[in-house]
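# Close look at the chain arrangement
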Amino acid sequence: MNEFDRLWNMMDDLMEGLIDFDAFEREFDRQFAQMEQDFYREFVNTVRKTVELCHGIECCQPPEELHISLCRAIECTPQCAPTKKAKSGRHKPRKKP
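In this report, the structure presented in the accompanying data block is examined. (Residues numbered from 1 in each chain as written. Predicted model: local features only at pLDDT ≥ 70, side-chain atom pairs only at ≥ 80, totals over all residues. Heavy atoms only, no water.)

## Focus: the overall build of the protein
Note the cut-off: The helix and strand labels rest on DSSP assignments: H or I over at least four residues marks a helix, E over at least two residues marks a strand, and numbering proceeds from the N terminus. Per-residue accessibility, obtained with a 1.4 Å probe over protein chains only, is compared with the maximum for each type, and a residue is labelled buried under 20%, exposed over 50%, and partly exposed between these values. To measure how exposed things are, a 1.4 Å probe is used in the Shrake-Rupley method; for residues, cover is taken only from the protein chains shown.
Regarding its fold elements, the protein presents 3 helices and 0 strands. Residues classed as buried in the protein amount to 5% of the 97 residues present. Looking at the protein as shown, the accessible area adds up to about 9800 Å², and 59% of this sits on carbon and sulfur atoms.

This is the structure in structure tokens:
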């Protein structure tokens, strides 16, 4: 039984009154944390394998049409500098002269 099936079964048990909400919440948090950890591990492994495979590919020029459309998209993208966020608790208001 996979993690999703276990969660569905736990929801059924909760609705039927076989487990209380606190027990459901604890188990849900535990199982969800494990699924999240598994997801990130698999994601990193996929990226690692993709990079590994791409190192073995011979580099070639993109098709001219693709190159032109990418250049146009870059040219049309607004070039705005990101706004600086004030650090909480450290920002002091400036005094007016």
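## Quick look at the packing of helix H1 (residues 3–15) against helix H2 (residues 21–55)
As a reminder of what qualifies: Axis definition: a line fitted to C-alpha atoms, over the contacting stretch in the case of helices. Angles run 0 to 180 degrees between N-to-C directions. Note on terminology: angles under 35 degrees are roughly parallel, angles over 145 are roughly antiparallel, angles of 65 to 115 are roughly perpendicular, and the others are oblique. Any two residues whose heavy atoms approach within 4.5 Å are treated as being in contact. Ten residue types, Ala, Val, Leu, Ile, Met, Phe, Trp, Tyr, Cys and Pro, are classed as nonpolar, four, Asp, Glu, Lys and Arg, as charged, and the remainder, Gly among them, as polar.
Viewed as axis vectors pointing N to C, H1 and H2 meet at an angle of 170°, and their least axial separation amounts to 11 Å. Relative to H2, the element H1 is oriented roughly antiparallel. Between H1 and H2, the contacting residues are Glu3, Phe4, Arg6, Leu7, Met10, Met11 and Leu14 on the first element and Phe21, Phe24, Glu27, Phe28, Gln31, Met35 and Asp38 on the second. Along the lines of polarity and charge, the residues of the contact of H1 with H2 split into 9 nonpolar, 1 polar and 4 charged.

## Quick word on the packing of aromatic side chains
Note the following rule: Working definition: rings of Phe, Tyr and Trp (its six-membered ring) pair if their centres are within 6.5 Å, and the pair is stacked with planes under 30 degrees apart, edge-to-face with planes over 60 apart, and tilted otherwise.
Here the structure, examined in full by the defined rule, presents 5 aromatic pairs. Ring centres of phenylalanine 21 and phenylalanine 24 lie 6.1 Å apart, and the angle between their planes is 45°; on these two criteria the pair is classed as tilted. Highlighted residues: phenylalanine 21 and phenylalanine 24, both in helix H2, separated by 3 residues, approximately one helical turn. For the pair phenylalanine 39 and phenylalanine 43, a centre-to-centre distance of 6.3 Å together with 20° between the ring planes defines the contact as stacked. Taken as a pair, phenylalanine 39 and phenylalanine 43 lie in helix H2 at a separation of 4 residues, close to a single helical turn. Through a chain of ring-to-ring contacts, three or more aromatic side chains come together here, namely Phe21, Phe24, Phe28 and Phe32.

## Description of a negative patch on the surface
Our working rule: Patches here are clusters of residues that have more than 30% relative accessible area and form no salt bridge, with a 9 Å joining cutoff for like charges and a 5 Å cutoff for nonpolar side chains (Val, Leu, Ile, Met, Phe, Trp, Tyr). Take a side-chain nitrogen of Lys or Arg and a carboxyl oxygen of Asp or Glu: if they are within 4 Å of each other, that pair is a salt bridge. Neither His nor the chain ends contribute to the count of charged residues, in which Lys and Arg are positive and Asp and Glu negative. Here the site of a charge means atom NZ of a Lys, CZ of an Arg, CG of an Asp or CD of a Glu.
Together, Asp20, Asp22, Glu25 and Asp29 make up a region of like negative charge exposed at the surface. Among the secondary structure elements, aspartate 29 is positioned in helix H2.

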